Amino acid sequence: MSIMDYNGGSVIAMKGKDCVAIASDLRLGNQALGISSNFQRIFPVTERIYMGLPGLGTDVTTLHERLRFRLNMYTIKEEREIEPETFAHLVSSTLYEHRFGPYFIEPVIAGMSKTPSGDLKPFIAAMDLIGCLNFAKDFVLAGTASDKLYGVAEGLWEPDMEPEDLFETISQTLMNAVDRDAFSGWGGIVHVILDTTVIILNWSRFPNVKKITSIICENLLQDVVENIVVWNNNPMPITFPDFDNTTCPEQRLRLVNSPENLYFQARYMACAQAQTAYCFIQDDDYLVFPEIIRAMARRAKEASLSSIHLQPADEMLSSHLRTISVEPNIHTTFAWLGYGTIITRTSAMEFLTLLNKLNMTVEEHQMADNYFTILRNEIPEKWLEPGIPLGGGLPFTVGTEGEERNNRHLRAAELLDSIMSSTEAHSDLPYVNFSPHTNDTIDSTVSRAPCHGMGRLCVFETSIKLLSDFGLDTSMSAATEILDLEKARYQKLRLTEKEHYLGFPPSNAVDGRYDTAFRSLENAKKDEWVLLDLTEMPSGYLEFVLVVGQDSGSILQHAAFETSRDGKNWEDHTPYLSCQNIDEDLVECRAAFGRKEIRYFRLRCLENVEKNWSVHEIYAVVAEGGDQ
């Protein structure tokens, strides 16, 4: 028997889409004799690096301590955190130094490495006992069950797996392989390095902060959120014992007691210091359902978006009215971040750099939210989401004083005008989008709303216009006229139209209630559509359900019911749609598909109909282990 097999044990690492996982069994043996069922072979190196050490048990402890010493020396000397590639070479050189009396260990390393642009990408590596490195695009492994792991991993691994799929794949690979190896097994442990950090600011609503933190930890730590940062702007310090009654493990929670109140600037500082590619930001007076955060994370990665903002209907209307285009190169708007926003870490870093380059005042740094969307010079993706208010006092940005402060700090538009008036002189500025823009109309974009309610993972989309063409011909010569533009458009907006916008938004179609509805402002028009994106292709028996008002029944008679796997290629399934009255006001339509690979459902109007859309609810049911 080889000394490498004496204590048994196996480790495997896999790459996913913007995530990486590493797993090992828990058995420690003396050949065929079991000694322990909880032996640690995987060790955290940094927040972005894990190391697996299969091999001789005594050498596992010795090598781990030696590498910990060398890592500390590197950190002291370099004054920065080590990168996965650098750490892999550090391990390799350490093993090669002992090549004439080697450690009987074959290390496996998994981490998220920084690219030159500041983004993060998955990294995996393995090496033999004298440090010969092996880099891979799919998976690496070592240990007594290597041959079995190779076979199972080759069959199960797929490129660009989401975190939950990666977790399932590496878990099944490990358990099925070690079941066929006498020297490995007795359970396993999996670490998935994820790509999202949640950032919550605390000032005066600490009970809300603990509630939000607990819900996120309970539902998202396995497949979306790597860690949570609670940035405390309050002079009263917070500590880990304050979170004892939450479900958050201490190693996934980071507490920052700020020496002074940094206001909104703290969000971007926390994100810039994060070890993940994305940051989810929210205030402490709103609760965002975990499924909505999960859907936002998937959408941001899939579409390579720099940000997605959640907004209630009144804030969305204000953002629409403030959207401004000044040809040839200004196309921007304003949107708050506190209702829930996912941004890239790179955006936060570039934004902070921009504020410094523009010599912003201390107060302007603190009011960073007022500058974030305008200075970006692009229209971000925004989702209608009413949210769940948690209370706790008047928000900082509302009221007479708040409105005056907000309007004062829309000086961001003045800065944007200055930058765009001489693009060559300012071409070195980060964050600002200098690309030319077409003169898009406000209501031409697709409207989106996440499914509201625990357990519903989907996004509702529609091409139906939410507002009439109110004053879009209002000529503006500079971004500084953004408030005048909002006022002019608001005056042209009919009271009934405003009430309709606020009373029947798209979010009503996916709020889990039949007594609310998304209603179109005008009659249904040819090629208008409503769509449900399940964010992934579910496994199980699939049924699509659409509940509409009786008046919309005539629209269904002149509509095509379509499905798609990718949102681009559509298949007509109109004959599958069967409808019946469920009361005098509502019609319920269902379509059962069995086990089919379908992600998108779309109802598209084939001709103009003299009736308004009235969608009370739209959802999918997945049986046999699926989710609704």
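Scope of this entry: the structure provided in the associated data block. (Residues numbered from 1 in each chain as written. Predicted model: local features only at pLDDT ≥ 70, side-chain atom pairs only at ≥ 80, totals over all residues. Heavy atoms only, no water.)

Remarks on the overall build of the protein
Here comes step 1: Regarding its fold elements, the protein presents 16 helices and 33 strands.
Here comes step 2: By the compact-globule yardstick of 25 Å for 628 residues, the protein fits well, its C-alpha radius of gyration being 27 Å.
Here comes step 3: If one aligns the C-alpha atoms of the protein with their principal axes, the spans along those axes are about 85 × 60 × 45 Å.
Here comes step 4: Each of the 628 residues in the protein was classed as buried or not, and the buried ones make up 58%.
Here comes step 5: Long-range contacts, defined here as pairs at least 24 residues apart, represent 76% of the contacts in the protein between residues at least 6 apart. (Helix = DSSP H or I, 4+ residues; strand = E, 2+ residues; numbered from the N terminus. Rg over C-alpha atoms; globule rule 2.2 N^0.38 Å. Buried < 20%, exposed > 50% of the residue type's maximum accessible area, 1.4 Å probe, protein only. Contact = heavy atoms within 4.5 Å.)

A closer look at empty space enclosed by the protein
Here comes step 1: What the rule picks out here adds up to 8 cavities of 30 Å³ or more.
Here comes step 2: Of the volumes computed, that of the largest cavity is approximately 90 Å³.
Here comes step 3: Considering the residues around the largest cavity, the lining is formed by Glu 162, Ala 295, Arg 298, Arg 299, Glu 302, Trp 383, Val 459, Glu 461, Asp 533, Thr 535 and Arg 599.
Here comes step 4: Elements supplying a minimum of two residues to the lining of the largest cavity: helix H7 (290–303) and strand E24 (459–462).
Here comes step 5: The element that contributes the greatest number of residues to the lining of the largest cavity is H7, accounting for 4 residues.
Here comes step 6: Broken down by class, the residue content of the lining of the largest cavity amounts to 3 nonpolar, 1 polar and 7 charged.
Here comes step 7: When residues of the lining of the largest cavity are assigned to domains, at least three map to each of domain 2 (196–448) and domain 3 (513–623). (1 Å grid on protein atoms, 1.4 Å probe; cavity = no way out; pocket = protein on both sides within 12 Å on 5 of 7 lines; lining within 4 Å. Points joined across faces, edges and corners; volume = space filled by probe spheres on them. Nonpolar A, V, L, I, M, F, W, Y, C, P; charged D, E, K, R; others polar. Domains from an automatic or database assignment.)

Remarks on helix H11 (residues 369–376)
Every α-helical turn comprises 3.6 residues, leaving residues that sit three or four positions apart pointing alike.
Here comes step 1: For H11, a buried count of 8 out of 8 residues is recorded, marking the element as mostly surrounded by other parts of the structure.
Here comes step 2: Downstream of H11 by a residue or two, Asn 377 has a phi angle that is positive, lying close to 60°.

With respect to the packing of aromatic side chains
Here comes step 1: Evaluated as defined, the whole model comprises 18 aromatic pairs.
Here comes step 2: Pairing Phe 561 with Phe 601 gives two aromatic rings, centres 6.4 Å apart and planes at 20°, and the pair type is stacked. Residue Phe 561 is located in strand E28 (residues 559–564), and its partner Phe 601 is located in strand E32 (residues 600–605); the two are separated by 40 residues in the primary sequence.
Here comes step 3: Judged by relative accessible area, which is 0%, Phe 601 ranks as buried.
Here comes step 4: Here the aromatic cluster, defined as three or more aromatic residues joined through ring pairs, consists of Tyr 268, Phe 351, Phe 372 and Tyr 431.
Here comes step 5: The ring of Trp 186 has Arg 27 lying over it, and the distance from NZ or CZ to the ring centre is 5.6 Å.
Here comes step 6: In this arrangement the basic side chain of Arg 99 is found over the ring face of Tyr 96, its NZ or CZ atom lying 4.1 Å from the centre. (Phe/Tyr/Trp six-rings, centres within 6.5 Å; stacked < 30°, edge-to-face > 60°. Lys NZ or Arg CZ within 6 Å of the ring centre and 35° of its normal.)

Concerning the state of the cysteines
Here comes step 1: Applying the stated criterion across every chain yields a total of 4 disulfides.
Here comes step 2: One disulfide bridge connects Cys 217 with Cys 248, the sulfur atoms lying 1.8 Å from each other. An S-S torsion of about 95° defines the bridge between Cys 217 and Cys 248 as right-handed. Note that Cys 217 is positioned in helix H5 (residues 206–220) and Cys 248 in the loop between strand E13 (225–232) and strand E14 (253–257), a separation of 31 residues in sequence. Across this residue pair, the class does not change: Cys 217 and Cys 248 are buried.
Here comes step 3: Here Cys 271 connects covalently by a disulfide to Cys 279, the sulfurs 2.2 Å from one another. Across the S-S bond linking Cys 271 and Cys 279, the dihedral sits near 95°, which makes this disulfide right-handed. One exposure class covers both Cys 271 and Cys 279, and it is buried.
Here comes step 4: Sequence-ordered numbering of the bonded cysteines in the protein yields a pairing of 1-2, 3-4, 5-6, 7-8.
Here comes step 5: Considering cysteine sulfurs only, Cys 589 is the nearest to Cys 605, which forms no disulfide, with 14 Å between them. (Disulfide = S-S within 2.5 Å.)

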